[in-house]
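Summary of structural features
Each chain is listed here by its residues.
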2 protein chains.
Amino acid sequence: MRLHWRCCRSAMPLAAVLLSVFLQTGAVQFDAHFEAAQVKNNVSWAKEDSQINGKLKALEAKFKKKPNIIYILADDIGFGELGWQGGGKHRGTPGPGLDDMAYQGMRFWSSYAEPSCTPSRVAIMTGRHPVRTGLTTVLWPGQPDGLSPAEVTLPEVLSAAGYSTAMWGKWHLGEEPAHAPENQGFEYAYYGLFNGAPDMWPDSDTVAPNSNPAFLDFPGVEAYKEDTGIDLSVSAYVGRKGATREPIEGLAGKPGPKRQDAFEEESITQILKYVKEKANDAKPFFIYWATYAQQLCGVSSHMNEKHVDRLNSQASMMAAHSSYVTRLLQTLKDEKIAENTLVVWISDNGPMYAFYPNSGYSWLKGGKGSVWEGGVRTPAMAWWPGMIQANQDPVDLLQITDLYTTAARLGGALDHIPSDRVTDGVDQAALLLLGEGHGRRTKIFHYSGDHLGALRRGDVKAHFLGGASGGLPKMEAYNVRRDPGEKYGEFYPYLWLVTPISNDVKAHKRMMQKFPNRGSEGPASCAK
Amino acid sequence: MRLHWRCCRSAMPLAAVLLSVFLQTGAVQFDAHFEAAQVKNNVSWAKEDSQINGKLKALEAKFKKKPNIIYILADDIGFGELGWQGGGKHRGTPGPGLDDMAYQGMRFWSSYAEPSCTPSRVAIMTGRHPVRTGLTTVLWPGQPDGLSPAEVTLPEVLSAAGYSTAMWGKWHLGEEPAHAPENQGFEYAYYGLFNGAPDMWPDSDTVAPNSNPAFLDFPGVEAYKEDTGIDLSVSAYVGRKGATREPIEGLAGKPGPKRQDAFEEESITQILKYVKEKANDAKPFFIYWATYAQQLCGVSSHMNEKHVDRLNSQASMMAAHSSYVTRLLQTLKDEKIAENTLVVWISDNGPMYAFYPNSGYSWLKGGKGSVWEGGVRTPAMAWWPGMIQANQDPVDLLQITDLYTTAARLGGALDHIPSDRVTDGVDQAALLLLGEGHGRRTKIFHYSGDHLGALRRGDVKAHFLGGASGGLPKMEAYNVRRDPGEKYGEFYPYLWLVTPISNDVKAHKRMMQKFPNRGSEGPASCAK
């Protein structure tokens, strides 16, 4: 790739070079593979960009502001779980509102997240693979690590371009005030700190008799506090920029599913109120809704809701979440701002099978925490009536970091992305607005913590199994388009791939040397 | 179940008993589970039946005949392979015409076939699980076994009710004249005899250099004939009722992919001609199109077609088949008989992985030849504009034998189904015409040859692993609705299931004693 890139460059006419520089408006520094792709595709992308700019300009003239952006980040929902993927009612967890959203917009069968919770949240907030940020692992209650204030978050980028910003849901990027959303770019945040909060690790008295033994030997909130000093009962806050955060009133008491249900319901109530308030505001808004659906602890209290399958408590969370999404989209229509609002729904990682049968599920191999397709390939949808054509299902690749750069592009905020570091997220405005075949990503680096676990390169994905064996790289390759279940791992038929893959990784690592990864901010994660 | 059935019966008022007898018009003898279901649901089903009869009567008044029926049986296409299931273009094998058919009609995520080729053909032709017919295994070229003339086939049933009948494609129910389609109810048949014919086992000179080594050591057609006496070059015929069949002219020569492509193209050409000829005929027609798509031998000659992915030759067969289906549906519309024509598309079994990457594929566990979901759960669609509401995806179960009974019901031919044997196919007219929730099947017996391999009972499927172990049945159960990938097989959590399952099997076996299975007609299959 590197060689090819040089060839192209030396052969490029001056106009194309200038165009290529122009394309990098905002001086975003991308990873090597995308910088090369920009050079290679400069002419066609410039044409697309001018088309896109025309569409966005017309929209701005109509609404007198940049488009609103709503990102919904779901929790542990795997590939195959939504109705349009053969899940939903077919798995006993109907979510008709999510299917409506999918068919009214664009649905992605080849969308990727990071392999776990905190990493995917780092990725969407910074547009960078977690390995670059010093925050590579899932945070556990009581750990002091968190998102470095030196990272430039999406709400910071959009705020700088004149957006109102707010978040609801699961933050999971650190407990300390410095890490908190209200100090990381959000003007308002109604949030829980970590995994499953306020639902996880419930007191034994909230665990129903037929629940999974997923909290084996957990002593209960009070005994845990006495033993460890870690207080799980206060894990959800209201934060306002420039003010001290406050524990959420009315959600006091012991963690448990009822509190989680109340948190979700309060979130959507506030979101709808916020949308109505901001609908005619001079400023566009950015909402980040990191819903707890369907983070589960296997309790059966959820099963009191309607639409519930006898055999799973996931059903009630999905049914509730689906109805909340329907209400959100309906409110956007009622307020007549649907045409000026991009809504993207994506899941943070694959299923957490520990909670089966209440857990998520995937057709694919592996689950949360792995870089097998089942861990990182997750459903996603984009909805924007009038701007995104209905009922599309492009084959193009999407990666969760792309949501960062795409939002910046749509919000006219590319200039606010810092150029002193690598941004992994690719601008996918062309895919959204022009459709299939206009995706700008052909490669995905799949990190597992600090380890580069796999690289997808077009249809082929190479897993790096660590080190070498008898002079051969320990590598297994799959054509994940033909073989999405990763059943046919091979090495020898992919000998042709070794050098290109190795060149890709070298170029990626050279970029990493030029723009070094941030070190860990706390003692608990694996520092580089 | 048997006990329950008796209870119901004794408590049933006379009217209900009479109704139940009425429901069994044609004196079809069903398996125990369905006889019990009929009694249990007699009131609600009678209401549905009167609704359905109204719809069918109105249609018959309009078209002055019973509806035409077209069954398309595809080959080795697994769950997840069509575009609407995340396959199609997403796997590099686009079939847009098949997706159009699916979205214009009803698509089934819970449709089941028998686990292999000949068995599924027995099932659709007789409405009976192959075990009852003496033909339980896949037939190989040169074997004398075949479908017993004593079986009453669907074209025989429909002929008796005044239908014109014709078939195109892969017969695979025996080579002897007595087994042939023109002697098993079809007035016309353009057919290949067995698996992959005329494509499989090609001469080495038709095997492209980069094909799979799936025909390792095959000596070629001529040497094979000299060695075994089996002539593979003449394996496709034109048959007419009452006449001696003739080898297909113009398809002489060595078997191979080009001949298969020509066979498929000639089939659709004849089918369209037939439809046009019969469109205004006084008699309705039944077409059975057992397409070779996408039976593969891994050769690359298919790859000369357009729409072909570099990495698979499956793509060209799927593209061609998809375009043929589009032409068929369009012809029905053009002839203004779409509203009077039910078209069902179903695959015969899961993927044949031996030919990977040119083979089919499934998200599920197992493939062709197994009773794991990957072997028996296959995509299906039903299309009938004006009669089947567009864009439905019911959760209801469908089994390939159901197509037999449903066609008989729609054609007013239930009386012609013999009552001296068990018919496994359930009348699913209510599911087609009234939609989700109106399916009449809750149980499926999955046979693997002569062995009862598994029983689906609602959401739960029990696999019978053979015999007992330490006084416990060797059984593994899965909730295949929650766990369609059969990842979580358990025995102990399903202790409650042992007695009901065992009662189901006993009632099923009692019925089998009452109506014994037919013995094998030839020496090669496993006689009872």
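- Going by an unreviewed UniProt entry, chain A carries the name AslA protein and comes from Symbiodinium natans.
- Quoted verbatim from the Sequence similarities (unreviewed entry) heading of the UniProt record, the comment on chain A is "Belongs to the sulfatase family."
- According to the UniProt record, the Cofactor (unreviewed entry) comment for chain A reads "Ca(2+)".

1. Here's the deal with a nonpolar patch on the surface
- Where nonpolar side chains cluster on the molecular surface, the patch consists of A:Leu472, A:Tyr492 and A:Leu495 and spans about 310 Å² of accessible area.
- Within the secondary structure, A:Leu495 sits in helix α14 (residues 495-514).

2. Re the sheet that holds strand β4 (residues 164-170) of chain A
Residues and elements named next belong to chain A.
- Pairing is mixed across the open sheet formed by 9 strands, whose spatial order is β2-β10-β9-β1-β8-β4-β5-β6-β7. Unpaired on one side and paired on the other, β2 (106-108) and β7 (246-247) mark the two borders of the sheet.
- As defined by bridge partners, strand β5 (residues 188-192) adjoins strand β6 (residues 236-240) across 5 bridges and the pair is classed as antiparallel. Across the sheet, Tyr190 pairs through a bridge with Val238, a residue of β6.
- Lying over the sheet, helix α5 (residues 96-104) contacts β2, β9 (341-347) and β10 (380-383), oriented at roughly 65 degrees with respect to β10.
- Its contacts with the sheet put helix α6 (residues 117-126) on β1 (68-74), β4 and β8 (285-290), and the angle it makes with β8 is roughly 175 degrees.

3. Some thoughts on the interface of chain A and chain B
- At the interface, 39 residues of chain A touch 39 residues of chain B.
- Carbon and sulfur atoms make up 47% of the area that chain A and chain B hide from each other, which totals about 3,300 Å².
- Interface area lost by chain A to chain B is led by A:His90, A:Trp363 and A:Arg482, which between them contribute 27%.
- Run the count over chain A and chain B and you get 4 salt bridges.
- Note that A:Lys89 and B:Glu436 form a salt bridge whose closest N and O atoms lie 2.9 Å from each other.
- When its residues are assigned to classes, the side of chain A that touches chain B shows 15 nonpolar, 12 polar and 12 charged.

4. Overview of the packing of aromatic side chains
- Enumeration according to the criterion identifies 44 aromatic pairs over all chains in this entry.
- Between the aromatic rings of A:Trp372 and A:Tyr478, the centroid separation amounts to 5.7 Å while the plane-to-plane angle is 85 degrees, which identifies the pairing as edge-to-face. Highlighted residues: A:Trp372 in the loop between β9 and α11 (373-376) and A:Tyr478 in strand β15 (residues 472-479), separated in sequence by 106 residues.
- With a relative accessible area of 2%, A:Tyr478 lands in the buried category.
- On the numbers, 5.5 Å between centres and 70 degrees between planes, the contact of B:Trp168 with B:Tyr274 is edge-to-face. Linking B:Trp168 in strand β4 (residues 164-170) with B:Tyr274 in helix α9 (residues 257-278), this pair joins segments that are 106 residues apart in sequence.

5. Quick look at the pairing of strand β13 (residues 451-457) of chain A
All names here are of chain A.
- With respect to burial, β13 is a largely interior element, 6 of its 7 residues being buried.
- Bridging between strand β12 (residues 443-448) and β13 involves 6 bridges; their strand directions are antiparallel. Bridge pairing links Tyr447 to Leu452 in β13.
- Counting the residues between successive antiparallel strands, the hairpin from β12 to β13 contains 2 residues, one of them, Gly449, with a positive phi of roughly 65 degrees.
- Summarising the sheet, β13 and strand β14 (residues 460-469) pair through 4 bridges and their orientation is antiparallel. When the bridges of β14 are listed, Leu455 appears paired with Ala462.
- Hairpin connection between β13 and β14: a loop of 2 residues separates the two successive antiparallel strands, and Gly458 in this loop has a positive phi of roughly 65 degrees.

6. Considerations on the pairing of strand β15 (residues 472-479) of chain B
All names here are of chain B.
- As judged from the 7 bridges shared by strand β14 (residues 460-469) and β15, these two strands associate in the antiparallel manner. Bridging across to β15, Phe464 finds its partner in Met475.
- In this structure, the hairpin formed by β14 and β15 is closed by a connection of 2 residues, where Gly470 is found at a positive phi of approximately 60 degrees.

7. Considering the nonpolar core
- Core analysis: the biggest nonpolar cluster contains 86 residues, and A:Trp289, A:Leu332, B:Trp289 and B:Leu332 have the highest contact counts within it.
- With residues up to four places along the chain from it excluded, the contact list for B:Leu332 reads B:Ile70, B:Val275, B:Phe285, B:Ile337, B:Ala338, B:Thr341, B:Val343 and B:Trp383.

8. Side note on helix α6 (residues 117-126) of chain B
Residue and element names in this part refer to chain B.
- Taken across its 10 residues, α6 has 10 buried, putting it largely inside the fold.
- Along α6, the positions that sit buried rather than exposed are Cys117, Thr118, Pro119, Ser120, Arg121, Val122, Ala123, Ile124, Met125 and Thr126.
- For α6, the elements touching its buried residues are β1 (68-74), α7 (154-160), β4, β8 (285-290) and α12 (402-410).
- Immediately downstream of α6, the backbone of Gly127 shows phi near 70 degrees, a positive value.

9. A closer look at the domain arrangement of chain A
Residue and element names in this part refer to chain A.
- Partitioning chain A into structural domains gives domain 1 (60-441) and domain 2 (446-514).
- Taken together, the contact between domain 1 and domain 2 spans 18 residues of the former and 20 residues of the latter.
- Between domain 1 and domain 2, a total of about 1,600 Å² is buried, with carbon and sulfur atoms accounting for 59% of that surface.
- Note that Lys461 is salt-bridged to Glu373, the shortest N-O span being 2.6 Å.
- For the interface between domain 1 and domain 2, the tally reads 5 residue pairs in polar contact (both at pLDDT 80 or more).
- Of the residues assigned to the side of domain 1 that touches domain 2, the class counts are 10 nonpolar, 3 polar and 5 charged.

10. Regarding helix α3 (residues 32-40) of chain B
- Most of α3(B) is tucked away: 8 of the 9 residues are buried.
- All of the buried residues along α3(B) are B:Ala32, B:His33, B:Phe34, B:Glu35, B:Ala36, B:Ala37, B:Gln38 and B:Val39.

11. Considerations on the relation of the copies chain A and chain B
- Of the transformation placing chain A onto chain B, the axial shift is 0.0 Å and the rotation is 180 degrees, giving an RMSD of 0.0 Å. Interpreted geometrically, this transformation is the action of a two-fold axis. Scanning chain A for the C-alpha nearest the rotation axis identifies A:Trp363, at a separation of 2.8 Å.
- Both copies contact each other with a shared surface, as 100% of the interface residues of chain A are interface residues in chain B too.

12. Remarks on the sheet that holds β14(B)
Residue and element names in this part refer to chain B.
- Taking strand neighbours across the sheet as the criterion, the 4 strands line up as β12-β13-β14-β15 in an open arrangement whose pairing is antiparallel. Each edge of the sheet is formed by a strand with only one pairing partner; in this case those strands are β12 (443-448) and β15. Mean inter-strand twist for the sheet, computed between neighbouring axes without regard to direction, equals 25 degrees.
- Strand contacts of helix α14 (residues 495-514): β12, β13 (451-457), β14 and β15, with the helix running at about 125 degrees to β13, the strand carrying the most contacts.

13. Looking at the environment of B:Val152
All names here are of chain B.
- Among the structural elements, Val152 can be located in the loop between α6 and α7.
- Once the C-alpha coordinates of Val152 and Ile417 are considered, the two residues, 265 residues apart in sequence, prove to be 7.3 Å apart.
- Among residues more than four places away in sequence, those in contact with Val152 are Met125, Thr126, Val157, Tyr404, His416, Pro418 and Arg421.

14. Topic: the environment of A:Ala74
Residues and elements named next belong to chain A.
- Mapping Ala74 onto the fold places it in strand β1.
- Given the relative accessible area of 0%, Ala74 is considered buried.
- Between the C-alpha atoms of Ala74 and Ile346, which are 272 residues apart in sequence, the distance is 6.0 Å.
- Apart from residues lying up to four places away in sequence, Ala74 is in contact with Arg121, Thr291, Ala293, Trp345, Ile346, Ser347 and Asp348.

Here is what the cut-offs are and how they apply
- Residues numbered from 1 in each chain as written.
- Chains lettered and ligands numbered in written order.
- Predicted model: local features only at pLDDT ≥ 70, side-chain atom pairs only at ≥ 80, totals over all residues.
- Heavy atoms only, no water.
- UniProt positions renumbered as here; feature names shortened; annotations may be inferred.
- Patch = residues over 30% accessible without salt bridge, like charges linked within 9 Å, V, L, I, M, F, W, Y side chains within 5 Å.
- Areas by Shrake-Rupley, 256 points an atom, 1.4 Å probe, with all protein chains shown as cover.
- Salt bridge = Lys/Arg side-chain N within 4 Å of Asp/Glu carboxyl O.
- Helix = DSSP H or I, 4+ residues; strand = E, 2+ residues; numbered from the N terminus.
- Pairing = 2+ DSSP bridges.
- Contact = heavy atoms within 4.5 Å.
- Axes fitted to C-alpha atoms, helices over the stretch in contact; angles between N-to-C directions.
- Buried area = accessible area lost by both parts, 1.4 Å probe.
- Nonpolar A, V, L, I, M, F, W, Y, C, P; charged D, E, K, R; others polar.
- Phe/Tyr/Trp six-rings, centres within 6.5 Å; stacked < 30°, edge-to-face > 60°.
- Buried < 20%, exposed > 50% of the residue type's maximum accessible area, 1.4 Å probe, protein only.
- Core = buried A, V, L, I, M, F, W, Y, C linked by side-chain atoms within 4.5 Å.
- Domains from an automatic or database assignment.
- Polar contact = N/O pair within 3.5 Å; in protein donor to acceptor, adjacent residues only side chain to side chain.
- Least-squares fit on C-alpha atoms with pLDDT ≥ 70 in both.

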